[in-house]
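Geometric and topological summary
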Protein chains: 2
Amino acid sequence: MHFAALLLTLAGQPPPDSTRTLMPVPASFRFGEGHLRVDTAFRVRVTTGADGAPDARLSRAVARFLRRAELVTGLILNRGTGSPTLAIRVAGPGQAVQSPTEVERYTLTIAPDRAELTAPTTVGALRGLETILQLLEPDARGFRLPAVRIEDQPRFPWRGLLIDVARHWEPVEVIKRQLDGMAAVKLNVFHWHLSEDQGFRVESRLYPRLHQMGSDGLYYTQEQIREVVAYARDRGIRVVPEFDVPGHSTSWFVGYPAYASAPGPYTIERRFGVFAPTFDPTREATYQFLDGFIGEMATLFPDPYWHIGGDEVSGTQWRENRRIQAFMRARNLPDNEALQAHFNRRLSAILTRHGKRMVGWDEILHPGLPKTTVVQSWRGQDALRDGARDGYLGILSAGWYLDHMQTTEVHYLVDPVPAGSPLTPAEAARVLGGEACMWAEHITPESIDSRIWPRLAAIAERLWSPREVRDVADMYRRLAVMRVRLEAVGLGHESHTARMTRRLAAGRNPAPLQELLELMEPVRFGERGSRQSLTQLTPLVFAIDAARPDPPAHWGYRSLAAAVLTGAGDGRRRLDSAFARWRMLPGILSEFAEVPLARDVLPAAQALARVTEIGIEALTPPAGPARAEWARARLAALDSLARPQGLLRITVIPAVRMLIEGGGR
Amino acid sequence: MHFAALLLTLAGQPPPDSTRTLMPVPASFRFGEGHLRVDTAFRVRVTTGADGAPDARLSRAVARFLRRAELVTGLILNRGTGSPTLAIRVAGPGQAVQSPTEVERYTLTIAPDRAELTAPTTVGALRGLETILQLLEPDARGFRLPAVRIEDQPRFPWRGLLIDVARHWEPVEVIKRQLDGMAAVKLNVFHWHLSEDQGFRVESRLYPRLHQMGSDGLYYTQEQIREVVAYARDRGIRVVPEFDVPGHSTSWFVGYPAYASAPGPYTIERRFGVFAPTFDPTREATYQFLDGFIGEMATLFPDPYWHIGGDEVSGTQWRENRRIQAFMRARNLPDNEALQAHFNRRLSAILTRHGKRMVGWDEILHPGLPKTTVVQSWRGQDALRDGARDGYLGILSAGWYLDHMQTTEVHYLVDPVPAGSPLTPAEAARVLGGEACMWAEHITPESIDSRIWPRLAAIAERLWSPREVRDVADMYRRLAVMRVRLEAVGLGHESHTARMTRRLAAGRNPAPLQELLELMEPVRFGERGSRQSLTQLTPLVFAIDAARPDPPAHWGYRSLAAAVLTGAGDGRRRLDSAFARWRMLPGILSEFAEVPLARDVLPAAQALARVTEIGIEALTPPAGPARAEWARARLAALDSLARPQGLLRITVIPAVRMLIEGGGR
């Protein structure tokens, strides 16, 4: 429960070995005495390389840095030459095409009279500039940077976010603001999931029926792809495209049915799940087609890696196609897995010709898979471990599915190479890092920010910071600051629930509805799928869409419960006042019984009222022998109330549970 | 004070001659008995013209309509063929290039079994589709449309919004969402103010130094211009470009100093005001340059009108240039106004050659101005009246400056041809309508939505609805619904104060700061200019930027005061509770004394506390002879407190004034 840290948080004091509000926590840091003032005299000078050749990417980054500092301070900073307040020294621009071997380290020294940021590469300097922005703090006189010495570098070289833009479309401006958020937490891979059964999202000039017939008109032009790739590079972020084959590929076959394993015709899939349409791996025409396609796309995506998907191949079309069955017998391919391995070897050779290394989901792990392949583990950590032992590079996604609607804490404690890992150092070095995954069954441009942020910041910290950085209370303390910083780069997570609630309220006073939804979280991914019939066309405007995963109330009320248990501050008064309001919500919200979308919250409001009654009891629990029985019964009741209430879960149950377990002092 | 309407509002009942929540109010409407259900069977059929030729613009509009209805209802509506729930009959597509003579009328009949929308043109149908969306309402069974017969058409053919993208830049996505908002309130002209002393915002291939040197890299590509023009046309909105000449033109001269009236060199102006740089109207080269420029731009902007600006010519450069003075003497041009008129006649001839009619600010009214010119009145209504008498077409902007930070009520009651206007019917017909103006000294992409919306909806109603529609209480009642509808089309005004307040709070609890700022409004345009030294480079992240003009609290507390005075509902309890909180705000907010940007609110919090004390007194005022003296003293105190408190004004003072004037029953 980290009570000590919690109480310090509540008292507004950072813990003694303070990480301040840095996120991710640097590899090494030591705060000193005093501060450097940031006022209108604040001036930056950049020195690059031995020959001092200017690096345009670095110049743009410094311009953005200055503007962001201005938006925090309200000051116009000094653009003139002269003795700098912050000297930035960068040895060279770094890799022409960023790869996992790019150097990202930097050293930052801030003294009361001067700051210095040094880095071997522009990307290292980018990381350091984000750290400086996080250090900027107000005081009575204005703004300042604390004296500090930071030597920082990432724990893992591959720190990514996957966004599925195929099941639901996301326009370019949505992608750009995610890239801004990623840069703020030092992530470096944008994994762009660009094709699916439900949509093909890139313009192909070679095979124009791909986007013309497979996208409902919702695709990126080649110019937009270039624009996003350049935008990402400016922020030290690689763009790894994924075109999922041989399964998850219905949308390809709408325009090009000849490459499927059954005749067609095909239409864009509107439902979600695993579907039969699959590339025909037995025909040369398929490889010629993919060769042409990859060749065209390779001109758009400079990254040395290329994601082939490879997950969830249904196998139905292969089993039902006699020609394919004959091919398998002739080649001695005993099963669909072997046939997919054959397909992957062919694909790997094509990718190599185009200068790309193959990445795929863990299903592709199969004897004979080229050792140059990177395996992305999504079904658990086993594949990551097994792959590393077998000599494959690996990245982890299991445990980091943002669509699962889990708490930040759960994601934060997942580690690709945890303490006590059985891997040898050489094997562990094959674990390149990981990626959070934002799958798109249940998201739209309106809700995506609230599903990614701020939880992704904690995953980013896991991938950047030393393994030992895993104090959950300290993470939540810093996250409360980080989420406002992320809002300032343009993300909409903090406005989300209020905005969607106003619409749900359909002209009635939204305030009590909003209060309720801020105490709720969406049910888990699978729970929603089994409770609500959804397709790609379903408007996602329900109460569950207005709620957000791990809302601030979750940790906030856990902290408050901790304060009550230790008698700190005015915790008791604040909790009493919250309980008093929560009790009244079912009555206040009853007017929404006649508002179709809003009335979905009423069961949750009733359940919250029952949780509240238990909470009130827990503040003056029975004493003596009745005590244990009482606690057992109330905890069982909470277990039951913790189950889905309609499409919502009550996020404050862990706080009430603490009151019971902590003894209700 | 419209007490009756107010009380009905408070009781949740629309007034008897109900405008429901329609905004703008239709020209003619009669609600009937019963409702048409909107459920998954809801189906639309479109019939066009005698030959039934499909109109792609109409098809896209219907697709958007269906999607928006789905986002309100949470339903997937029926896209199949078959007997329609809503039959749309449109005689023809309308003008190939929309002009002020485009027909915008429509007829809408909703019966319990069927709805029909008929219009002579696609634009008329667009207006009717917006009305249908506004009629959609929830009930216990789902959603429905009330039985109604509407015959609607606009009062004025020119109903616009000017956005200045030159003093501060606005990216394409910001413009697009304003167009969506404009379409929702049936506006039809987007006046795009594209050049200024502080920036030149369009790519010119003929004169590339215009955007290359005059824009800081912040300009629209020609492709983006075409995209915005097409986006606007799809919504029945004309795009009238303004390139302000001969003054307000410093940014042109950065790349092309030769066309100025003094040698240069020039740099982009960062301050705001009226500056000396002015085109040289005496040289043929100037007209050749403008002819070339207009010819190039005419390919991007199909609208038959072209705005030349023409306002605030400083005259300094003309007075100081001996060659220009000689030219004036030789031509018998007695003063700068005459020289500008000479320039305007030349310009008008060039525009005519390019198929454009000239529009300009009221300074251009001068003997000899071609009668084809449209005069835009900004300095008052006199020019509009004088111009109409002299045979000029006119549009009104005086009274509709959104940057002045006035209340919706003030803007709503401005009328281009008020009751009792001295104009003859023929003269009045020359008044084409008007435009609200969003000048950009004090706005950014982050704040623009909150400065335009929802106030623009009330101005749109003035321009569309019959003159007699001017019940302020009913307008505010409908605006409270309209502002959430406008949020749903993608505008950020409702999230604005909360979002910016979180940043101002710099890691502290933003709730009390937000509560205060929602009771405040920004000081008037001129008041800010005289109190804060601002340039184009100043980051607009202050408390004044977080506040919004005419926030919901303004009318909300006036309504509450009305309820208290008449003893309606639980008004008294709600007001007591508000006063109790407001009194505590200075104490609660004192922790922000050390937060540089947030502490700007402290004087306003103190002043609000004093207003609150007066409000509390007003609830139990002295009786008898002391009463009048007490009221006089308190009203005088409120007058003083109504002045700017720092950069804020207290928006609830009118409500407290009502309590005193109403007698504090």
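Note that the structure is predicted; figures quoted are calculated from it, not measured.

Another point: the overall build of chain A. Assigned secondary structure in chain A consists of 26 helices and 18 strands. Taken over C-alpha atoms, the radius of gyration comes to 27 Å for chain A, in line with the 26 Å a tight globule of 665 residues would show. Projected onto its principal axes, the C-alpha coordinates of chain A cover approximately 75 × 65 × 55 Å. A burial count over chain A gives 51% of its 665 residues as buried. For chain A, long-range pairs separated by at least 24 residues make up 73% of all intrachain contacts whose partners lie at least 6 apart in sequence.

This brings us to the interface of chain A and chain B. Contacts between the two partners involve 31 residues from chain A and, on the opposite side, 31 residues from chain B. Of all elements in the fold, only helix H2 (56–73), strand S6 (137–139), strand S7 (142–152), helix H17 (472–488) and helix H18 (496–504) of chain A reach the threshold of two or more residues within the side of chain A that touches chain B. Its residues assigned to classes, the side of chain A that touches chain B shows 17 nonpolar, 5 polar and 9 charged.

Residues and elements named next belong to chain B. Along the chain, the position of Ser 251 falls in helix H7 (residues 250–255). The buried category is assigned to Ser 251, around which 27 C-beta atoms lie within 10 Å. Put simply, Ser 251 and Glu 196 are 55 residues apart on the chain and 6.4 Å apart in space, counted from C-alpha to C-alpha. Among residues more than four places away in sequence, those in contact with Ser 251 are Ser 195, Glu 196, Asp 197, Gln 198, Gly 199, Phe 200, Gly 214 and Ile 268.

Attention now moves to the domain arrangement of chain A. Residue and element names in this part refer to chain A. Split into domains, chain A comes out as domain 1 (28–152), domain 2 (195–220 + 230–382) and domain 3 (496–662). Computed over C-alpha atoms, the centres of domain 1 and domain 2 are 43 Å apart. Each side of the interface is counted separately: domain 1 has 8 residues, and domain 2 has 8 residues. Of all elements in the fold, only H2 and helix H3 (122–135) reach the threshold of two or more residues within the side of domain 1 that touches domain 2. A per-element tally of the side of domain 1 that touches domain 2 places H2 first, with 3 residues.

A few words on the relation of the copies chain A and chain B. Of the two same-sequence chains, chain A is brought onto chain B (RMSD 0.0 Å, axial shift 0.0 Å) by a rotation of 180°. What we have between these two chains is a two-fold relation. Looking at the rotation axis and the C-alpha trace of chain A, the residue lying nearest is A:Ser495, at 3.1 Å. Here 100% of the contact residues of chain A are again contact residues in chain B; the copies associate through an equivalent surface.

What follows is about unusual backbone geometry. A:Pro454 follows A:Trp453 through a cis peptide bond whose omega is 0°. Structurally, A:Pro454 can be placed in the loop between helix H15 (448–452) and helix H16 (455–464). In this structure, A:Asn332 is a non-glycine residue whose phi angle is positive, near 65°. Along the chain, A:Asn332 turns up in the loop between helix H10 (322–331) and helix H11 (336–353). On the neighbour-count criterion, A:Asn332 (7 C-beta atoms within 10 Å) is exposed. Here B:Arg20, not a glycine, exhibits a phi torsion of approximately 45°, which is positive.

With that settled, the discussion passes to H3(A). Here H3(A) spans 20 Å end to end across 14 residues, near enough to the 20 Å set by a 1.5 Å rise per residue. Most of H3(A) is tucked away, with 13 of its 14 residues classed as buried.

Cut-off values and rules
Residues numbered from 1 in each chain as written. Chains lettered and ligands numbered in written order. Predicted model: local features only at pLDDT ≥ 70, side-chain atom pairs only at ≥ 80, totals over all residues. Helix = DSSP H or I, 4+ residues; strand = E, 2+ residues; numbered from the N terminus. Rg over C-alpha atoms; globule rule 2.2 N^0.38 Å. Buried ≥ 20, exposed ≤ 12 C-beta atoms within 10 Å, placed from the backbone. Contact = placed C-beta atoms within 7 Å. Nonpolar A, V, L, I, M, F, W, Y, C, P; charged D, E, K, R; others polar. Domains from an automatic or database assignment. Least-squares fit on C-alpha atoms with pLDDT ≥ 70 in both. Expected span 1.5 Å × (residues − 1).

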